[in-house]
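Remarks on the overall topology
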Amino acid sequence: MGAMKKSTCHIIAVLTVGVWGLTFISTKVLIGRGLSPQEIFLLRFLIAYLGIWFFSPRKLWADSWRDECWLLAGGIMGGSFYFLTENMALGITLATNVSFIVCTTPLLTTILSLLIYKKERATRGLIGGSLLALVGVALVVYNGSFVLKISPAGDFLSLLAALSWAFYSLIMKKMSGRYGTVFITRKIFFYGVLTILPVFLFRPWQFDVFGLLQPAVLMNLLFLGVLASLVCFAVWNVVLKRLGTVQASNYIYLNPLFTLIGSALLLDERLTAVAFAGTLCILGGVCWAGRR
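Sequence order as written defines the numbering, with residues in each chain counted from 1. Given that this is a predicted model, residues contribute local features only at a pLDDT of at least 70 and side-chain atom pairs are listed and counted only at 80 or more, while totals for whole chains, interfaces and linings are drawn from all residues. Side-chain numbers come from the whole structure's heavy atoms, not from hydrogens or water.

**Concerning the environment of Leu71**
Examined against the element boundaries, Leu71 turns out to sit in helix α3 (residues 65-90). The cut-offs for exposure are 20% and 50% of the maximum accessible area for each residue type, with area from a 1.4 Å probe on protein chains only; residues under the lower value are buried, those over the upper are exposed, and the others partly exposed. The buried category is assigned to Leu71, whose relative accessible area is 0%. Sequence separation between Leu71 and Met175 is 104 residues; the distance between their C-alpha atoms is 7.9 Å. Once residues lying within four places of it in the same chain are set aside, the contact partners of Leu71 are Ala62, Met175, Phe183, Ile184, Lys187, Ile188 and Tyr191. Under the scheme used here, helices are H or I runs from DSSP no shorter than 4 residues and strands are E runs no shorter than 2 residues, and both carry numbers assigned from the N terminus. Should any heavy atoms of two residues lie within 4.5 Å, those residues are counted as being in contact.

**Let's talk about the side chain of Thr85**
With respect to the helices and strands, the residue Thr85 is situated in helix α3. Counted as a polar contact is a pair of N or O atoms within 3.5 Å, where, for protein atoms, one must be capable of donating a hydrogen and the other of accepting one, and residues adjacent in sequence contribute only when both atoms are in side chains. A polar contact of 3.0 Å, which involves the side chain of Thr85, links it to the backbone oxygen of Tyr82. With sequence-adjacent residues up to four places away left out, Thr85 is seen in contact with Leu157, Leu160 and Ala161.

**Points about the pattern of salt bridges**
Any carboxyl oxygen of Asp or Glu within 4 Å of a side-chain nitrogen of Lys or Arg constitutes a salt bridge here. As enumerated under the stated definition, the model contains three salt bridges in all. Its salt-bridge partner being Arg178, residue Asp67 comes within 2.6 Å of it at the nearest N-O pair. Highlighted residues: Asp67 in helix α3 and Arg178 in the loop between α7 (152-176) and α8 (181-196), separated in sequence by 111 residues. Linking Glu68 and Lys187 is a salt bridge whose minimum nitrogen-to-oxygen distance equals 2.7 Å. Taken together, the residues span a long stretch of sequence, with Glu68 in helix α3 and Lys187 in helix α8 at a distance of 119 residues. Here Glu68 and Lys187 have matching classes, each one buried.

**Points about the side chain of Glu39**
Note that Glu39 resides in helix α2 (residues 37-52). The buried charged residue Glu39 lacks any salt bridge partner; its closest oppositely charged side chain belongs to Arg203, at an N-O distance of 10 Å. Of the polar contacts made by the side chain of Glu39, one reaches the backbone nitrogen of Gln206; its length is 2.8 Å. Setting aside chain neighbours within four positions, we find Glu39 in contact with Gly34, Phe200, Pro204, Trp205, Gln206 and Phe207. When charges are counted, Lys and Arg are positive and Asp and Glu negative, with His and the chain ends excluded.

**Examining the packing of aromatic side chains**
Within 6.5 Å between ring centres, the rings of Phe, Tyr and Trp (the latter by its six-membered ring) count as paired, and their orientation is classed by plane angle as stacked under 30 degrees, edge-to-face over 60, tilted in between. Enumeration over the complete set of coordinates arrives at 19 aromatic pairs. Each ring, one from Phe190 and one from Tyr191, has its centre 5.0 Å from the other, and the planes form 70°; the classification is edge-to-face. By relative accessible area, which is 28% here, Phe190 ends up partly exposed. With relative accessibility at 8%, the residue Tyr191 sits in the buried group.

This is how it looks when you write it as structure tokens:
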């Protein structure tokens, strides 16, 4: 029974990362409609926060102020800070640089986990699979048109985004043994919304509120808020708990693969033989790293 549950978690992890891979496309559509990245993030997390109250216990606070601070940190690292640094990086450096650097998150998560938790062990399969998957990510991201542009500020912000998600994963591991998944996820949404609000003091809201009723805008916001945030954040926290931080994080390598497939199907973007080779490397690397 335990093995069956674990295999189900692997499938759920792939599906979750698949949805997250498609969020890039929805975000691209919304930006094209005139929404700013911080407006998209606020609406996305606000929808998720309001929606989760239908399932969440009415417990308002954690059992101690220390735990509440950890949940605040989770809302920042997995929410406002992560999305802010990633979107700022996209405005400074090439999108390919950002995509590749952010996909080093599994490696960073593994390194941090090995340093903090003694139970985690780095096997040859884990290291080899991670490196093979990372090579695949590079091939998929650049998709046959390699352009290298060093941008210290933009690349540093991308690295901060990757580190932010790595720390978020470790915070979730710490909290998952103390509180229910739905409660933790609700707190993450709350603190994500709360800590993005100061950004609007420097970049005020500009999008016409009535524009939110446009079918394309509304449907993409619901996709981001309900499926990609409300559902996926909740199930991902379960996956982290069941599979372990290191093993679960390796599935993030699949993110650009789903983005590539979605872009080819929905946006008619070019798919090359180099990207196909990268796909094989990613799948092989994830399978190799997941073997025990």
